[in-house]
Structure formats: structure tokens, C-alpha cells
Amino acid sequence: MAGDIVFDEALKLINKITDNGFKAYIVGGFVRDYLLGLESNDIDVTTNATPKDLMNIFKDGVEPKIDYGSLTVIFHGIRFI
């Protein structure tokens, strides 16, 4: 199931953030869909790391989304917002 693969990669992404001293959580519709057993590949993550912190952690995998005040992190080929 693709959603399970994305979920596993999200956990790895969160571990990488927390290993650098920050907190991170999966939020949004993916949590709802996962609990309901629905397929979903869109995972949002929230963290207390600043955009600059994230750019240091994921050096080559960050796309700033200035209009939204967020970043997109490409981690193991998957886009996380």
C-alpha cells in the first residue's frame, strides 16, 4: 500500500528532525485518512524547527514556499510540506 510507504518515510523524516533536537509531528488530513483506513499520500508535518534549521538538516531537499510561510522537503523522493 503506497500510503504505508509514505507513512514509513514520514516517520524517518520526523526522526531526522528530532535527532537534530527539534520536535515534529504528522498533522492534517493524512492522520484522519490513516485512522479511517483511507489511501492518502499527502502528508503535512509541523515542527518547531525554523525554515533555516530545516534547510540545514535537509541541505539539498528543501523548496521554500515563501507565499505560504512553509517549506517543502524532498526526502527519499517524497514531498513533505
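What comes next concerns the included structure. All values reported here derive from a predicted model rather than from experimental measurement.

What counts as what
- Numbers given to residues run from 1 along each chain, matching the order in which its sequence is written.
- Where totals are concerned, whole chains, interfaces and linings use all residues; where local detail is concerned, this predicted model gives features only for residues with pLDDT of at least 70, and gives and counts side-chain atom pairs only at 80 or more.
- Side-chain numbers come from the whole structure's heavy atoms, not from hydrogens or water.
- By the convention used here, strands pair only if DSSP detects at least 2 bridges between them.
- Think of it this way: any DSSP run of H or I at least four residues long counts as a helix, any run of E at least two long counts as a strand, and we number them from the N terminus.
- Fitting a line to C-alpha atoms yields each axis, with helices limited to the stretch in contact; the angle taken between N-to-C directions then spans 0 to 180 degrees.
- For this analysis, a ring pair means two rings from Phe, Tyr or Trp (six-membered ring only for Trp) whose centres lie within 6.5 Å, classed as stacked if their planes differ by under 30 degrees, edge-to-face if by over 60, and tilted for the remaining angles.
- To qualify as a nonpolar core, a set must consist of buried Ala, Val, Leu, Ile, Met, Phe, Trp, Tyr and Cys residues joined through side-chain atoms within 4.5 Å.
- Three exposure classes are used, based on accessible area relative to the maximum for each residue type with a 1.4 Å probe and protein chains only: buried under 20%, partly exposed in between, and exposed over 50%.
- Should any heavy atoms of two residues lie within 4.5 Å, those residues are considered in contact.
- Between Lys or Arg on one side and Asp or Glu on the other, a salt bridge is scored when a side-chain nitrogen of the former is within 4 Å of a carboxyl oxygen of the latter.

## Details of the sheet that holds strand S4 (residues 70-75)
Here is step 1: Taken in spatial order, the 3 strands line up as S3-S4-S5 in an open sheet, and their pairing is antiparallel. In this open sheet, the two edge strands, each paired with only one partner strand, are strand S3 (62-65) and strand S5 (78-80). Going across the sheet, the axis of each strand differs from the next one's by a mean of 20°, ignoring polarity.
Here is step 2: Across 3 bridges, S4 lies against S5 in antiparallel orientation. Bridge pairing in S5 links Ile-74 to Arg-79.

## Considering the packing of aromatic side chains
Here is step 1: Under the criterion given, the structure shown has 4 aromatic pairs.
Here is step 2: Arranged with centres 5.9 Å apart and planes meeting at 25°, the rings of Phe-30 and Tyr-34 form a pair that is stacked. One end of the pair is Phe-30 and the other is Tyr-34, both in helix H2 (residues 29-36) and 4 residues apart, which spans about a single turn.
Here is step 3: Taken together through their ring pairs, the aromatic side chains of Phe-7, Phe-30 and Tyr-34 make up a single cluster.

## Side note on the nonpolar core
The tendency in soluble globular proteins is for nonpolar side chains to be buried as a group.
Here is step 1: The biggest cluster of nonpolar side chains holds 21 residues, and the ones touching the most others in it are Leu-13, Ile-26, Ile-43, Val-45, Phe-58 and Phe-80.
Here is step 2: Where this core is concerned, the elements lending two or more residues are helix H1 (2-19), strand S1 (24-27), helix H3 (51-57), S4 and S5.
Here is step 3: Here this core takes 6 residues from H1, the largest share from any one element.
Here is step 4: Residues in contact with Val-45, not counting those within four places in the same chain, are Leu-13, Ile-14, Ala-24, Tyr-25, Val-27, Phe-80 and Ile-81.

## Things to note about unusual backbone geometry
Here is step 1: Of note, His-76 is a non-glycine position whose phi angle comes to about 55°, a positive value.
Here is step 2: The residue His-76 is located in the loop between S4 and S5 in this model.

## Notes on the pattern of salt bridges
Here is step 1: As enumerated under the stated definition, the model contains 2 salt bridges in all.
Here is step 2: Glu-9 serves as the salt-bridge partner of Lys-12, at 3.2 Å between the closest nitrogen and oxygen. Of the two residues, Lys-12 and Glu-9 both sit in helix H1, 3 residues apart, roughly one turn of that helix.
Here is step 3: What makes Lys-12 partly exposed here is its relative accessible area of 42%.
Here is step 4: We note a salt bridge from Arg-32 to Asp-33, for which the minimum N-O separation is 3.0 Å.

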